[in-house]
Amino acid sequence: MSDVHLPSSKIPLTFSYAPSPEGTDENILILLHGLGDSHAPFAKLARSLNLPQTAVLALRAPEQIPYLYEQAFQWYASFDPLGDIIVRPNPTPALEVTAKVLNHLTTDCAWPPDRIHLFGFGQGGSVAAESALAWWRKELTRTSSKSKIEEVNGGDKDSGGPSKEEGVQMPRPLGSVVSISGPLLSYPTLNTPCLTPLLIFHRASLEKGVFTSFSKGFTRVQEVVKPGSHGEENMPRSKDEWEPVMRFWSEVLGRRMGDGLYEVMTGTGP
C-alpha cells in the first residue's frame, strides 16, 4: 500500500494527508474533528501519534458554522435559527460525504476496508461511528444481493456451476473506530451487528444508555471512562489517558511482517 495517492478531486472535502514516516502504509487513519474546529489541529495530532505503518488523513467538515468569522466547521447542521443546539440532528449529509471518501479509498486507491480506521472527537466521533455502521449496512446488502443472484444462477457442483462454498460473500467491516465523547445519533437495529472493533472514550459525559446503543450496533465495544465533569468533552490529555487508545490500536492495526516490524505501543503519544 506504500504507493497510494489521494487525488483531491475524488475527496469532496478539504483534507490533509501524510504517508507513514517509514514509507510502509499498511493502514490509514481517518481523523474527524469536533464541532467548531477544523482538520488542521488533527493533522498535527496524527503526526504526533506516530503510528507505525499508518498513513493519516485528516478531513475538514463540509459546513462552516453560520454567523462565525473564524474557521469553525460542523459535520451537520447543529444550531437552529435562534442559535440553540439541535437536540436531534440529522447526520445524513455527513454520512454521504464520508461514504464517498470510503468508496474512493477502497475502489480507486484499493485500500482493504479492514485497514481503514476512523478516529473522531465529539461530533466527529459520532460521524465516525455512524459511518462505520453505514458502511456495514451497505456490505450486508451487497453480500445478500450477490448470494441471491448466485442462488438463481445455480450453485450445484454437479452442474458445473460455482459451489456454495466458492460463492460465499462475506461482508467486509472497517478496521476500527475510536470515538472520543461522540455518541451514536441513531439506535441501531441490525440482525447482524457490525464486526468493526470500537472504543468509546469519555469523561462521564455521555447519557445513560449510550453504551447499550453501541453494543446493539457493534459486536466488540470497549468503554474507557476518565475523570471529568458531566457533560465535559475533552481529548485525552496525558500519556496515561492515551494509553488505552494506543493499546487498542496495537490490537487492531495491520502490520507488514518481516524485518524491522514496529509495534504500535512504541509510537510516541501526544
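Preceding this paragraph is the structure being described.
**Student:** Residues and numbers for the overall build of the protein chain, please.
**Tutor:** Across its full length, the protein chain holds six helices and nine strands. When burial is assessed residue by residue, the protein chain has 47% of its 270 residues classed as buried. Sequence separation of 24 or more characterises 69% of the internal contacts of the protein chain that already satisfy a separation of 6 or more.

**Student:** Residue-level account of the nonpolar core, with values.
**Tutor:** Ranked by size, the top nonpolar core spans 41 residues in total, and within it Ile30, Leu59, Trp75, Leu105 and Phe214 carry the most contacts. Mapped by element, the contributors of at least two residues to this core are strand S2 (27-32), strand S3 (54-59), helix H2 (92-108), strand S6 (116-121), helix H3 (123-153), strand S8 (198-202) and helix H5 (210-217). Top contributing element to this core by residue count: H3, with seven residues. Apart from residues lying up to four places away in sequence, Leu59 is in contact with Ile11, Leu13, Thr14, Phe15, Ile30, Leu31, Leu32, His33, His39, Trp75 and Val101. In this structure, Ala46, Val224, Met235 and Trp249 belong to the second largest nonpolar core, which totals 26 residues.

**Student:** Which residues make up the pattern of salt bridges, and what are the values?
**Tutor:** Across all of its chains, the model carries nine salt bridges by this definition. With a closest N to O distance of 3.0 Å, Arg172 and Glu139 form a salt bridge. Placement of Arg172 in the loop between helix H4 (164-167) and strand S7 (176-180) and of Glu139 in helix H3 is noted, with a sequence separation of 33 residues between them. A relative accessible area of 35% places Arg172 in the partly exposed class. The partner of Glu251 in a salt bridge is Arg220, with the nearest N and O atoms 2.7 Å apart. One end of the pair, Glu251, is in helix H6 (residues 239-252); the other, Arg220, is in the loop between H5 and strand S9 (221-225), with 31 residues separating them in the sequence.

**Student:** An account of the sheet that holds S7 is needed here, citing residue identities and associated values.
**Tutor:** Reading across from one edge, S1-S3-S2-S6-S7-S8-S9 is the order of the seven strands in this open sheet, with mixed pairing throughout. In the strand order of this sheet, the two ends are held by strand S1 (15-18) and S9, each with one partner. Shown here is a sheet whose adjacent strand axes are inclined to one another by a mean of 15°, direction ignored. Along the sheet, H6 makes contact with S2, S6, S7, S8 and S9, crossing S7 at roughly 170°.

**Student:** Describe in detail the side chain of Ser38, supporting the description with residues and values.
**Tutor:** Structurally, Ser38 can be placed in the loop between S2 and helix H1 (40-49). The class of Ser38 is buried, set by a relative accessible area of 11%. What Ser38 contacts, discounting residues up to four positions off in sequence, is His33, Arg60, Gln71 and Phe73.

Parameters at a glance
Residues numbered from 1 in each chain as written. Predicted model: local features only at pLDDT ≥ 70, side-chain atom pairs only at ≥ 80, totals over all residues. Heavy atoms only, no water. Helix = DSSP H or I, 4+ residues; strand = E, 2+ residues; numbered from the N terminus. Buried < 20%, exposed > 50% of the residue type's maximum accessible area, 1.4 Å probe, protein only. Contact = heavy atoms within 4.5 Å. Core = buried A, V, L, I, M, F, W, Y, C linked by side-chain atoms within 4.5 Å. Salt bridge = Lys/Arg side-chain N within 4 Å of Asp/Glu carboxyl O. Pairing = 2+ DSSP bridges. Axes fitted to C-alpha atoms, helices over the stretch in contact; angles between N-to-C directions.

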